[in-house]
Amino acid sequence: MVNLKSIFTNKKFRCCFLFFLGFILICLVYSLLVAVLMKKPAQAMIGSVRASVTAVQNKDLAQAQDNLTKAEADLGKVRSQFNLIGWVRFIPLLGIYANDVYHGLNAAQYGLDVADMVIESLKPYADVLGFSGTDVELNIQSAEEKIIFILETLDKISPQLDTIGEKVGQIETEINSINPRRYPQSVMGKPVRSQLVSIQTSLRAAKDSLSNIKPLLTLLPRLLGQPDPKKYLLVF
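Residues numbered from 1 in each chain as written. Predicted model: local features only at pLDDT ≥ 70, side-chain atom pairs only at ≥ 80, totals over all residues. Heavy atoms only, no water.

1. Some points on the overall build of the protein chain
Summing up its helical and strand segments, the protein chain has seven helices and two strands in all. A buried classification covers 29% of the 236 residues belonging to the protein chain. Intrachain contacts of the protein chain at a sequence separation of at least 6 include 68% that bridge at least 24 residues. Of the roughly 15,800 Å² of accessible surface on the protein chain, 63% is carried by carbon and sulfur atoms. (Helix = DSSP H or I, 4+ residues; strand = E, 2+ residues; numbered from the N terminus. Buried < 20%, exposed > 50% of the residue type's maximum accessible area, 1.4 Å probe, protein only. Contact = heavy atoms within 4.5 Å. Areas by Shrake-Rupley, 256 points an atom, 1.4 Å probe, with all protein chains shown as cover.)

2. A look at unusual backbone geometry
Residue Leu-93 is not a glycine yet carries a positive backbone phi of 70°. Within the secondary structure, Leu-93 is located in the loop between helix H3 (61-82) and helix H4 (94-122). Since its relative accessible area comes to 57%, Leu-93 is described here as exposed. At Met-188, a position not held by glycine, the phi torsion is positive, near 55°. Examined against the element boundaries, Met-188 turns out to sit in the loop between strand E1 (186-187) and strand E2 (190-191). Residue classification places Met-188 among the exposed positions, given a relative accessible area of 82%.

3. Here we look at the packing of H3 against H4
Across the interface, H3 lies against H4 with an axial gap of 10 Å and an inter-helix angle of 160°. As far as their axial angle goes, H4 and H3 are roughly antiparallel. Between H3 and H4 the crossing geometry is left-handed. Among the residues making up the contact of H3 with H4, the classes are represented as 16 nonpolar, three polar and four charged. (Axes fitted to C-alpha atoms, helices over the stretch in contact; angles between N-to-C directions. Parallel < 35°, antiparallel > 145°, perpendicular 65-115°, else oblique. Left-handed = near helix turned anticlockwise from the far one by under 90°. Nonpolar A, V, L, I, M, F, W, Y, C, P; charged D, E, K, R; others polar.)

4. A short note on the layout of surface pockets
If you add up the space inside the largest pocket, you get close to 2,000 Å³. As for the largest pocket, its lining consists of 46 residues, of which Ala-42, Ile-46, Val-101, Gly-104 and Leu-105 are closest to the centre. Secondary-structure elements contributing two or more residues to the lining of the largest pocket are helix H2 (11-57), H3, H4, helix H6 (143-176) and helix H7 (193-223). Looking at the lining of the largest pocket residue by residue, the class counts come to 36 nonpolar, seven polar and three charged. (1 Å grid on protein atoms, 1.4 Å probe; cavity = no way out; pocket = protein on both sides within 12 Å on 5 of 7 lines; lining within 4 Å. Points joined across faces, edges and corners; volume = space filled by probe spheres on them.)

5. Overview of the confidence of the model for the protein chain
Overall, the predicted model of the protein chain reaches an average pLDDT of 81, with 76% of residues at or above 70. At the low end of the mean pLDDT range in the protein chain sits helix H1 (residues 4-8), at 53; at the high end sits H3, at 92. (pLDDT = per-residue confidence, 0-100.)

6. Some words on a nonpolar patch on the surface
Together, Phe-19, Phe-23, Tyr-30, Leu-37, Leu-84, Trp-87 and Phe-90 give the surface a local cluster of nonpolar side chains, amounting to about 770 Å² of exposed area. The topology assignment puts Phe-23 in helix H2. Phe-23 gets classed as partly exposed once you look at its relative accessible area, which sits at 36%. (Patch = residues over 30% accessible without salt bridge, like charges linked within 9 Å, V, L, I, M, F, W, Y side chains within 5 Å. Salt bridge = Lys/Arg side-chain N within 4 Å of Asp/Glu carboxyl O.)

7. Some thoughts on the environment of Ile-164
Following the sequence through the fold, Ile-164 ends up in helix H6. For Ile-164, a relative accessible area of 8% translates into the label buried. Here the alpha-carbon distance between Ile-164 and Ala-115, two residues 49 residues apart in the chain, equals 9.0 Å. If we ignore the near neighbours within four places in the chain, the residues touching Ile-164 are Val-114, Met-117, Val-118 and Leu-210.

8. Comments concerning the pattern of salt bridges
Evaluated as defined, the whole model comprises three salt bridges. The closest approach of N and O atoms between Arg-182 and Asp-100, which form a salt bridge, is 2.8 Å. Of this pair, Arg-182 sits in the loop between H6 and E1 while Asp-100 is found in helix H4, placing the two residues 82 residues apart along the sequence. Of the residues examined, Asp-100 reaches a relative accessible area of 5% and is grouped as buried. As a salt-bridge pair, Lys-207 and Glu-172 come within 3.4 Å of each other at their nearest N and O atoms. With Lys-207 in helix H7 and Glu-172 in helix H6, this pair connects stretches of sequence that are 35 residues apart. Judged by its relative accessible area of 38%, Lys-207 falls in the partly exposed class. On the accessibility criterion, Glu-172 (9% relative accessible area) is buried.

9. What about H3?
What sets the pattern is the α-helix's 3.6 residues per turn: residues three or four places apart point alike. Compared with the 32 Å implied by 1.5 Å per residue over 22 residues, the 31 Å span of H3 between its first and last C-alpha is a close match. Within H3 the residues assigned to the buried category are Leu-61, Ala-64, Gln-65, Asn-67, Leu-68, Ala-71, Asp-74, Leu-75, Val-78 and Phe-82. With a side-chain oxygen positioned 3.4 Å from the backbone nitrogen of Ala-62, the residue opening H3 is Asp-60. (Expected span 1.5 Å × (residues − 1). Polar contact = N/O pair within 3.5 Å; in protein donor to acceptor, adjacent residues only side chain to side chain.)

Okay, structure coming up:
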C-alpha cells in the first residue's frame, strides 16, 4: 500500500511539486500580460467587422471591403501577440485554454475569408441590387432585365457557394473544438457559456442551409424559363 504521507513529506517530491507550481504561476502571469496586449487589436478587429456589417446594410461594398481589410490587419496583430504564448498550448491545465484561443483565432480568420468571398460574390450584382462603391455598372433598367441577368448568372455562384460552405465547415470545426462547459455561465454580467453554445448552433444551421440552397439555385433558372421557356398551368 502506498504511503501518501511519506510521498508528500519527501523532500525531492516537494521540490518538484513547488517547481511545477511556480512554473504554472509564471506561465499564467505571462499569459495574462500577453492577453492584455492582445486586447486592443482584438477590439479594433471587432470594431472593423461591425463597421463592415454596417456598410453592407448601407449598401456600400467598397467601404465594407475596406473595413474587412482593416479587420484582417488587426487579426494579424492579435495572432502575432498570441504567438508569444503559443507554446503554452502544450502545458497542462493552461494549455486547454490557450488551445481554445488558438481555435478561436482560426475561426476568426475563416470568418473573415467568408465575408470577403461574399462581398466578391456580390460585386457583379452590385448595380442590380442597389449597392454603391463598386466599379461594376450595368445598363439594366427594367425589373424584367434585372431578373433575367440574375438568372443567367446564378450558375456562376454555385462554385463560390461550395468554397464558402467549406470555409463555414472549417469555422464549425474550430468552434466545436471549444468545450463551453469549461467556461462559467457569465463573466462580469456578460454571458459566456450560452454565447458559445449559440455560436455553435448557428454555425451548424448555416452549414446545413448552404448545403440545401445550392440545388435550389441550380433548379431556379430552369423553373423560371432560363434558358428554355416554360409553360405552367395555373388552377384556381
